[in-house]
Protein chains: 2
Amino acid sequence: MSDKLDIIRHREGHEVLDYDRYLQHLISVIANRLTSYSSSQYLSQFGLGSVEMRVLASLAYKPNQKAAEVCSLISIDKAAASRAMAKLDSQNLLIGETATPKGKQKRWSLSEKGWALHQRFLDVVLDRHERVVKEIDESELVQFVGTLHKLIKNIETLDTE
Amino acid sequence: MSDKLDIIRHREGHEVLDYDRYLQHLISVIANRLTSYSSSQYLSQFGLGSVEMRVLASLAYKPNQKAAEVCSLISIDKAAASRAMAKLDSQNLLIGETATPKGKQKRWSLSEKGWALHQRFLDVVLDRHERVVKEIDESELVQFVGTLHKLIKNIETLDTE
DNA sequence: ACCAAAAAGTTGACATATCAACTTTTTGGA
DNA sequence: TCCAAAAAGTTGATATGTCAACTTTTTGGT
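Here goes a summary of the coordinates provided.

The rules we used
- Residues numbered from 1 in each chain as written.
- Chains lettered and ligands numbered in written order.
- Predicted model: local features only at pLDDT ≥ 70, side-chain atom pairs only at ≥ 80, totals over all residues.
- Heavy atoms only, no water.
- Near = heavy atom within 4 Å.
- Polar contact = N/O pair within 3.5 Å; in protein donor to acceptor, adjacent residues only side chain to side chain.
- Helix = DSSP H or I, 4+ residues; strand = E, 2+ residues; numbered from the N terminus.
- Nonpolar A, V, L, I, M, F, W, Y, C, P; charged D, E, K, R; others polar.
- Phe/Tyr/Trp six-rings, centres within 6.5 Å; stacked < 30°, edge-to-face > 60°.
- Buried < 20%, exposed > 50% of the residue type's maximum accessible area, 1.4 Å probe, protein only.

1. Describing the protein's contact with DNA strand D
Here is step 1: Taken together, 24 residues sit near DNA strand D, with A:Lys78, A:Ser82, A:Arg83, B:Ser50 and B:Lys104 positioned nearest.
Here is step 2: Taking A:Asn32, its side chain carries an N or O atom lying 3.5 Å from a phosphate oxygen of DNA strand D.
Here is step 3: When contributions to the surface near DNA strand D are tallied by element, the ones reaching two or more residues are α1 (23-46), α3 (67-74) and α4 (78-90) of chain A together with α1 (23-46), α2 (50-61) and α4 (78-90) of chain B.
Here is step 4: No other element matches α4(A), which puts four residues into the surface near DNA strand D.
Here is step 5: A breakdown of the residues in the surface near DNA strand D according to their chemical character gives seven nonpolar, ten polar and seven charged.

2. Concerning the packing of aromatic side chains
Here is step 1: If you walk through the whole model with that rule in mind, you get seven aromatic pairs over all chains.
Here is step 2: Residues B:Tyr42 and B:Phe121 carry aromatic rings whose centres are separated by 5.4 Å and whose planes lie at 50 degrees to one another, so their mutual orientation is tilted. A residue pair is termed long-range when its members are at least 10 positions apart, and B:Tyr42 in helix α1 and B:Phe121 in helix α5 (residues 112-132) qualify at 79 residues.
Here is step 3: For B:Tyr42, a relative accessible area of 3% translates into the label buried.
Here is step 4: Clustering of aromatic rings is evident, with ring pairs tying together A:Tyr42, A:Phe46 and A:Phe121.

Set out below in structure tokens:
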């Protein structure tokens, strides 16, 4: 048991959570707000939700990927990816190429239309990001991102201990 | 336009998101994993979900609160709070007291049974927290929490600009 | 005390995230 | 080449988070 950054306070004889220090709470509040706000931006501006836009962005980042590789890159469930890619494909935002002429499974990339949407998406992402990190200087952000990566590493082993 | 901690990379003539630096992505991955893992812990151990447990914990932190005050403290929607409190109350985990004998709206606190469950909840929270922050030292966590609070402040004004 | 307005709470709907079960496709050994 | 096993993908279900519409309760002015 470590006493570093104690997340327990005492109140009238009871132990209670200290919300101001409880990482999971703080992180979840931020993530929920960001996801919700982004989703409403994407839906109103592009007619697609945040899942679809994240998949699209992942295929810009790394084209010619299988569905499973998209899942791995952006930490999304294969069920969500399946539905999102079906929707993107139905709107001709993707190009799917099979390894052989008779193959069924495809590697996906963005179509022209997909790339055009991706550029508009980036504009929205950057504008929002600027507002989110406003008045936080670069060195602090670098440190912060470093800690996020450490947390992700710890979280990967959560259910194996 | 600021160039601090650029979240855009260039790849084959295209601008793409740099996932390793894109805060929203990193934060969401952590929050989703933590919420999902916590929820399964609470459901299997207590038969209640994370929404119910968060409301319970908030009434430990600050007893004798109205539903709206619970919402404000833990940043939860009043719809979710309404459903969670109905469930907690149905299991006799709460005590509700009206301001006057004929009043209808109640201020909520934990019952004996509620406090007992809260103690078990804290054990689970602390165990998980230890694993999440493993090998990250206190000064780094203090800095990290400071940045989280700055982000929360920025996020509060997201839709007003 | 009454009533209109405000606040609080409830209910239904939908987006996101995840799991489990099932189907389809691919892979690799005989 | 054939087939069993593995991998990949699809579909349905459920938990969380949020919004909007509606109902109930409280508040405050007369």
